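So you can see what is in the structure, the chains are spelled out below.
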Amino acid sequence: MSYTIQLESSSLSFLANADEWILTAAQRQGIHLPYGCQNGVCSNCICDLISGSFEYPEGEPKALAAPGDANNPVVICKAVATADLVLKPRETLSEAAPELKTMPCRVKKIERLSSDVMLVQLTIPQHEPFQFRAGQYIEFILKDGRRRAFSLANAAHETDNIELHIRYIDGGSFTGHVFEEMQAREMMRIEGPLGSFFLRENSSRPVILVGGGTGFAPLKGMLSHAFHQQMDRQFHLFWGAANEEGLYMDELPRQWEKDHNNFTYTPVVENDSQWFGNTGLVTDAVIAAYPDLIEFDIYMSGAPAMVASATHLFVEQGAVAEQMFSDAFEFASDILSKKRKI
């Protein structure tokens with residue numbers, strides 16, 4: 001059995017099987033809708049329900065909008081249709097997505113940035129140009145079919161190498177390999193680019209970027225791209241970490257602040273007796289600086305709890321849902337694919 005999914009205010013429609021994620025059905029039929037983690041965490045794929053019915057076979061996803069949202073949100077990466085649906089995407093992507101590729105790559109460089117963060121640079125075959133939008137992510141395809149997703153930390157114009165910031169996860173087989181065994185010239189296999197977390201260049205609004213830990217990685221790519229394009233919008237980066245060591249590239253945004261008049265940097269640590277800057281939660285630092293968020297585009301990247309908390313808090317402070325974009329880092333289970341319901 002299949003159901004028709006109609007996109008409101010559009011001639012676009014597609015069919016979704018009764019046991020198929022709605023997002024997967026759209027992708028299978030070439031319908032380009034915003035998405036991010038594909039695990040029901042980041043909220044990028046949320047659409048508003050106009051009519052019809054659906055269900056969440058795996059339970060209510062974490063990405064559901066802030067309490068009080070009256071627009072009947074549907075997290076389409078974790079929803080299956082139970083009747084014909086009319087959905088209203090909260091954003092329409094006007095540009096075609098960069099081509100999704102699966103390709104080999106080679107480890108060019110590994111560099112420890114802190115006790116638990118490793119910089120990994122990958123080179124890709126010269127005959128296979130890799131186009132992406134700064135802020136997107138790739139997945140490593142492991143030999144047994146498992147996948148591990150990491151955000152791209154470099155800008156789209158810097159395509160000679162792919163830069164990743166990989167945090168060590170206690171008990172994580174892949175991050176254990178990265179920190180203990182990975183060597184330069186090791187061959188890997190990747191798929192990408194993935195996700196809809198990238199800088200919206202059709203907006204002139206000032207930008208707030210909020211990163212937690214290695215959530216700095218995709219924001220670094222976005223900012224590098226913005227500076228390369230000489231954008232004149234105002235950018236304010238808030239980077240939060242548990243302690244000063246967690247700000248593992250602190251000198252880079254500090255240098256950006258010196259080099260670019262339209263950029264401001266606020267580092268925040270939760271608890272560090274040796275730190276003399278902002279302390280506490282990074283989200284509180286945002287509110288202290290900007291009590292009214294209605295005029296801003298906001299990009300959030302980090303742990304799911306931080307992204308969810310920030311989303312709810314910022315909506316209460318006037319942020320507009322359609323002007324908020326997020327990338328939630330969730331430690332991967334041993335899954336074979338995030339793209340389809342299996």
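See above for the structure.
A brief structural summary. (Residues numbered from 1 in each chain as written. Predicted model: local features only at pLDDT ≥ 70, side-chain atom pairs only at ≥ 80, totals over all residues. Heavy atoms only, no water.)

### Structural notes on the overall build of the chain
- Counting its secondary structure elements, the chain contains six helices and 19 strands.
- On C-alpha atoms alone, the chain measures out to a radius of gyration of 20 Å, which is about the 20 Å that the 2.2 N^0.38 rule sets for 342 residues.
- For the C-alpha atoms alone, the extent of the chain along its principal axes is close to 60 × 50 × 40 Å.
- Burial analysis of the chain (342 residues in total) assigns 54% to the buried set.
- Long-range contacts, defined as pairs at least 24 residues apart, comprise 69% of the intrachain contacts of the chain with a sequence gap of at least 6.
- Counting every atom, the chain has about 15,600 Å² of accessible surface; 47% of that belongs to carbon and sulfur. (Helix = DSSP H or I, 4+ residues; strand = E, 2+ residues; numbered from the N terminus. Rg over C-alpha atoms; globule rule 2.2 N^0.38 Å. Buried < 20%, exposed > 50% of the residue type's maximum accessible area, 1.4 Å probe, protein only. Contact = heavy atoms within 4.5 Å. Areas by Shrake-Rupley, 256 points an atom, 1.4 Å probe, with all protein chains shown as cover.)

### What to know about the sheet that holds strand E16 (residues 263–269)
- The strand order across the open sheet built from six strands is E17-E16-E15-E14-E18-E19, with neighbouring strands paired in parallel fashion. Two strands bound the open sheet, and with one partner strand each, they are strand E17 (278–279) and strand E19 (324–328).
- Sitting on the sheet, helix H4 (residues 251–259) is in contact with strand E15 (235–241) and E16, with an inclination near 150° to E16. (Pairing = 2+ DSSP bridges. Axes fitted to C-alpha atoms, helices over the stretch in contact; angles between N-to-C directions.)

### What to know about the pairing of E16
- Counting buried residues along E16, six of its seven residues qualify, which places the element largely inside the surrounding structure.
- Strand direction decides the pairing type here: E15 and E16, joined by seven bridges, are parallel. Along E16, the bridge assignment pairs His236 with Thr264.
- For the handedness criterion, the β-α-β arrangement of E15, H4 and E16 is classed as right-handed.
- Alignment of E16 against E17, held across two bridges, turns out to be parallel. Paired with Val269 across the two strands is Thr279, which belongs to E17. (Right-handed = clockwise from strand over helix to strand, strands pointing away.)

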